[in-house]
Amino acid sequence: MSERSTITRHALTVLAGQLAVMAFGVADTIVAGRHSADSLAALSVASAIFISVYVALMGVLQAMLPMWAEQRGAGQPEAMGHSLRQAIYVCLVASVIGTAALLSPGPLLHWTQVPPALQVEVKAYLAVLALALPPALLFRLYSTLNQALGRPQLVMWLQVGSLFVKVPLSIWFTFGGGGLAPQGVVGCAWATLVVNCTMLALAIWLLRTQDIYRSLHIWKRMEPPHRPTLTRLCRLGVPAGLAVMVEVTSFTLMALFVARQGTTAAATHQIAANVAALLYMVPLSLAIATSARVSYWLGARQPGRARHAVLTGFRLAALMGIALSAIIFIAKNHVGAIYSSDAGVVVMTGAVLAWVAVYHAFDAFQTLSVFVLRCYGITVAPLAVYCLLLWGAGLGGGYVLAYGSWGPWADQAHTAAATPTPFWAASAAALGVPAVLFVLMLRRALVSQKARLTR
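The shown structure was predicted, so the numbers you read here are calculated from the model rather than taken from an experiment.

(A) How the structure looks around the overall build of the chain. A tally of helices and strands in the chain yields 14 helices and 0 strands. Computed over C-alpha atoms, the radius of gyration of the chain comes to 22 Å, within 12% of the 23 Å expected from 2.2 N^0.38 for 455 residues, which places it in the range of a compact globule. Counting every position in the chain, which comprises 455 residues, the buried fraction comes to 57%. Relative to all contacts within the chain whose residues are 6 or more apart in sequence, the contacts with residues 24 or more apart total 83%. Surface accessibility of the chain: about 18500 Å² in total, with carbon and sulfur atoms responsible for 68%. The centroid of the 29 positive side-chain charges in the chain is displaced by 14 Å from the centroid of its 12 negative side-chain charges.

(B) Representation of the layout of surface pockets. Approximately 490 Å³ is the volume attributed to the largest pocket. For the largest pocket, the lining is made up of 24 residues, of which Val 53, Ala 56, Leu 57, Ile 97 and Met 245 are closest to its centre. The set of elements that each furnish at least two residues to the lining of the largest pocket consists of helix H2 (37-62), helix H4 (77-103) and helix H9 (227-259). Sorting elements by how many residues they give to the lining of the largest pocket places H9 first, with 8 residues. Considered class by class, the residues forming the lining of the largest pocket number 18 nonpolar, 6 polar and no charged.

(C) Spotlight on the nonpolar core. In this structure, Trp 68 and Leu 145 are the most contacted members of the largest nonpolar core, which totals 141 residues. The leading source of residues in this core is helix H10 (residues 263-299), at 19 residues. Residues contacting Leu 145, with those up to four places away along its chain left out, are Trp 68, Met 80, Leu 84, Leu 207, Tyr 213, Leu 216 and Ile 218.

(D) Quick look at the side chain of Thr 13. Of note, Thr 13 is situated in helix H1 (residues 3-35). Not counting chain neighbours up to four residues away, the residues in contact with Thr 13 comprise Pro 152, Gln 153 and Met 156.

(E) Inspection of empty space enclosed by the protein at higher detail. In this structure the tally under the stated criterion is 4 cavities of 30 Å³ or more. Estimated volume of the second largest cavity: approximately 50 Å³. Around the second largest cavity sit Thr 13, Val 14, Gln 18, Ser 143, Gln 147, Pro 152, Val 155, Met 156 and Gln 159, which together line it. Of all the secondary-structure elements, those providing two or more residues to the lining of the second largest cavity are H1, helix H6 (116-148) and helix H7 (153-175). Counted by class, the lining of the second largest cavity contains 4 nonpolar, 5 polar and no charged residues.

(F) View of the packing of H10 against helix H11 (residues 303-339). Put simply, H10 and H11 touch, their axes get as near as 9 Å, and they point 170 degrees apart. As far as their axial angle goes, H11 and H10 are roughly antiparallel. Residue composition of the contact of H10 with H11, by class: 19 nonpolar, 4 polar and 2 charged.

Rules and cut-offs
Residues numbered from 1 in each chain as written. Predicted model: local features only at pLDDT ≥ 70, side-chain atom pairs only at ≥ 80, totals over all residues. Heavy atoms only, no water. Helix = DSSP H or I, 4+ residues; strand = E, 2+ residues; numbered from the N terminus. Rg over C-alpha atoms; globule rule 2.2 N^0.38 Å. Buried < 20%, exposed > 50% of the residue type's maximum accessible area, 1.4 Å probe, protein only. Contact = heavy atoms within 4.5 Å. Areas by Shrake-Rupley, 256 points an atom, 1.4 Å probe, with all protein chains shown as cover. Lys, Arg positive; Asp, Glu negative; His and termini not counted. Charge placed at Lys NZ, Arg CZ, Asp CG, Glu CD. 1 Å grid on protein atoms, 1.4 Å probe; cavity = no way out; pocket = protein on both sides within 12 Å on 5 of 7 lines; lining within 4 Å. Points joined across faces, edges and corners; volume = space filled by probe spheres on them. Nonpolar A, V, L, I, M, F, W, Y, C, P; charged D, E, K, R; others polar. Core = buried A, V, L, I, M, F, W, Y, C linked by side-chain atoms within 4.5 Å. Axes fitted to C-alpha atoms, helices over the stretch in contact; angles between N-to-C directions. Parallel < 35°, antiparallel > 145°, perpendicular 65-115°, else oblique.

Geometric descriptors of this kind do not, in isolation, establish any biological role.
Rendered as C-alpha cells:
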C-alpha cells in the first residue's frame, strides 16, 4: 500500500471519530440555541473555558504519539507498554490540575467582565464537566495509543457509537421529560459526563480483551514513577500542551471578551467557533496520521521514507484546507440558520464566517507542520511563535479593533451593531504568520536531516 493510501485511510478513520466527538458540541450548540439565546450564550462562555483546559491537557497526552510510534517502528512493544503505564502518572496530574481550574472560574469570569447573569449557569456547567474531565483524559491516552499502533478503528467506533447516546441525553436532560425536571444548558454537561464514563469503561474492556494489545504487556504491575521515561514524556508533552493552550485560550478569551457585546454577538461567536473547530478536524486528522507514519519510519531508521510521509501529508492537508475554506466562504450566509432561529444571529454569522474561511486556510498548513515538527523534537520554537502572534497580534489586535476608537468597527462595542468580526479578522491575519514560519521550520528540519545522512 502506498504512503498516500496509508495516511489517507488512517486520517479518514481518525476524522470519522473526531467528527463524532465534534458532533457532541454541534448537538449541544443546537440544543442550547433551541432552548434560548441566553442558554447559547452561556454555553459559548462555558464551553470555551472547558475546551481551553481540556485541549491543553489533551495536547500533553497527544504529544506522546511520536514516541510510541517510534517505539513501534523500532520493534519495541514492551517499551510502549512501560511508557503507557508511566503516562498514567502524567494523566493523573493533568486531571488534578484541570479539575481544579474548572471548579474555580470565578476570577477569569470577573476579569473578562462576563455578565453576572451568565456566570451562574457557566459555573454550574463547568462544575459538572470537572467530573467529566478525568475519564476524558484517560480515554485520550487510549486513543493516542491506538493512533501510534496504526489502529484507530476501535476508537472511531466507540466515538461514533457514543454519539447515539449523547444526543438524546442532551435533549432529555436540557428540556426534561419522563419525570426529569428541565436542567437547561447544564443538562448538556450531565450528558457529557455519562458518555465520557461509558467510553472509558469500554476502552478498558478492549485493552484487556483485544489481541492487538497483547504484545505490549500493558497489564503488568504498575511501576513506580520512572524518571527518564517521565522526563522524555514531559519534554514532548509540556511544550506541546502549552502551545495548544495558547492557541485555544486565544479562543477562550475571545469568547469572554465577545460576551461583553451582548447575547447576539456571543451566540454568533459560538457558532463561528463551532464551525472553525469542525473544520479543524480535517487537518488535525491528517496531522495525526502523518506524524504517526513519520515517527514510525524514524523509529525503523528509514528517514527517507519519513520525509516522503511528510511531503505526502502536507500535500493532502493543503488541498483539503483550501477546498474547505472555499466551501465555507460560499455557504457563509446559510450556515447560521442551522444553529439558530434568531434572525440577528443568522445575519451576523454570515459576516463572521467569511473570516473563519480565511482562518481555516492558514490553520490547515500550521496544524500539519506543528505536529510533524514534534516528530523531529522541535517543540519549544512553535510555543514561542504561538505566544507572540496568537496572544499578541491575534487576541490583542482583535481587542483593539473591537473596543478601540479607530478602524472599521470603532465605537460599535456596546451598540446593537457590536460584532465578533474584528476578533476573527485579527486572528486570521495573525495565524498566517505561524503557518509560514512552521512550514519554513519543517523544511529546515528535513534539509538538516538529509545533510546529516550525506556526510
